[in-house]
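# Structural description and commentary
What follows is the residue order along each chain.
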Amino acid sequence: MSTPLNGKLVTVFGGSGFLGRHIVQALARRGYRVRAAVRRPDLATHLQPLGTPGQIMPVQANLRYRWSVDRAVAGAGAVVNAVGILAPSGKQSFDAVQAFGPRAIAEAARAAGLDSITHISAIGANADSSSAYARSKAAGEAGVLETLPGSVILRPSIVFGPEDNFFNQFADMARFSPVLPLIGGGQTKFQPVYVCDVAEAVARAVDGELTAGATYELGGPEVKSFKECLEDMLAVTRRSRTLLPIPFPIASALGKVLQLVPGAPLTADQVELLKSDNVVSDAAKAEGRTLEGLGIKPATLAAILPTYLDRFREHGQYDAHRAV
């Protein structure tokens, strides 16, 4: 049964990405009309089946061109920014996409008469970080709140789900390599959060259920080390691989070389990120600025990983019917 449209239009920047498409679906299920602002609308047609005919419409926008941002925001009753990159590529730099881009979206929203936006940042955003990624995330948050102080900031830990760039990447690597790297010994702690749980939090922010001007930290129900995450992945894919600890200095040097290759699996900046844990703070827990505080019960890795990593088993998903 389709959900009756409520008449409100929401612009979602980055709506065709991994997290963005789940946000679009969560909003569509609530009856919102969704304008997915993306760089390549011709590559975003996969969004339209997530809603009723005409409910979801991709439009062209690039955060480096303010006029396209203004056009994408025009007429919207709410705005979500889900644009993010893990590594720079060409003109898509950290500063352009994650520092200046969010401010441009907030300024466009303010000019359109809105008093807030919902902005997706990341746990670890820190203006004093040694990581350019973390510094740009902090700059993006500051730009949004300086422009629209009533905005809601959502900081997820590492996000997992069918199209994630973490478990899928290492599961694919394990198909061909007998060894998987443990950067810094694999002791960095994560709090993996399911993409649909993050999307639900975003939808509730659009509904007006989150505190204006607050920053929420979104993590799953378990804290896992980097090593434990890879062990969970290997258990699901039924593969045995050697986990090789690589000290940070060596990993950093390796990242500096690999980052020269387009689509590199590791950069020096990502190594810097791995030097700090990526978990929900005690302050956020105490103040209810978490998924649990919002009344959302986060999904576990054990419940979700088998639903999309089974394709990496030796015989694909059909391994489920073989004797273990």
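The coordinates are above.
Cut-offs applied
Residues numbered from 1 in each chain as written. Predicted model: local features only at pLDDT ≥ 70, side-chain atom pairs only at ≥ 80, totals over all residues. Heavy atoms only, no water. Buried < 20%, exposed > 50% of the residue type's maximum accessible area, 1.4 Å probe, protein only. Helix = DSSP H or I, 4+ residues; strand = E, 2+ residues; numbered from the N terminus. Pairing = 2+ DSSP bridges. Right-handed = clockwise from strand over helix to strand, strands pointing away. Axes fitted to C-alpha atoms, helices over the stretch in contact; angles between N-to-C directions. Parallel < 35°, antiparallel > 145°, perpendicular 65-115°, else oblique. Left-handed = near helix turned anticlockwise from the far one by under 90°. Contact = heavy atoms within 4.5 Å. Nonpolar A, V, L, I, M, F, W, Y, C, P; charged D, E, K, R; others polar.

## Regarding the pairing of strand 2 (residues 33-38)
Most of strand 2 is tucked away: 5 of the 6 residues are buried. Bridge count between strand 1 (residues 9-13) and strand 2: 5 bridges; the pairing is parallel. Across the sheet, residue Leu-9 finds its bridge partner in strand 2, namely Arg-33. Traced from strand 1 through helix 1 (residues 18-29) to strand 2, the parallel crossover comes out right-handed. Here strand 2 runs beside strand 3 (residues 56-60); their pairing, made up of 5 bridges, is parallel. Looking across to strand 3, one finds that Val-38 is bridged to Gln-60.

## A look at the sheet that holds strand 1
Strands sit in the order 3-2-1-4-5-6-11 across an open sheet of 7 strands; the sheet is parallel. Unpaired on one side and paired on the other, strand 3 and strand 11 (215-218) mark the two borders of the sheet. Neighbour-to-neighbour, the strand axes of the sheet open up by a mean angle of 20°, direction not taken into account. When strand 1 meets strand 4 (residues 78-81), the two strands line up parallel, connected through 4 bridges. Looking across to strand 4, one finds that Val-12 is bridged to Val-80.

## Digging into the packing of helix 5 (residues 167-176) against helix 7 (residues 226-237)
Where helix 5 contacts helix 7, the axes come no closer than 10 Å and their chain directions differ by 60°. When the interaxial angle is binned, helix 5 and helix 7 end up oblique. The two elements helix 5 and helix 7 cross, and the hand of that crossing is right-handed. Every residue of helix 7 that contacts helix 5 at Phe-167, Phe-170, Ala-171 and Ala-174 is listed here: Phe-226, Cys-229, Leu-230, Met-233, Leu-234 and Thr-237. When grouped by side-chain class, the residues that make up the contact of helix 5 with helix 7 number 9 nonpolar, 1 polar and no charged.

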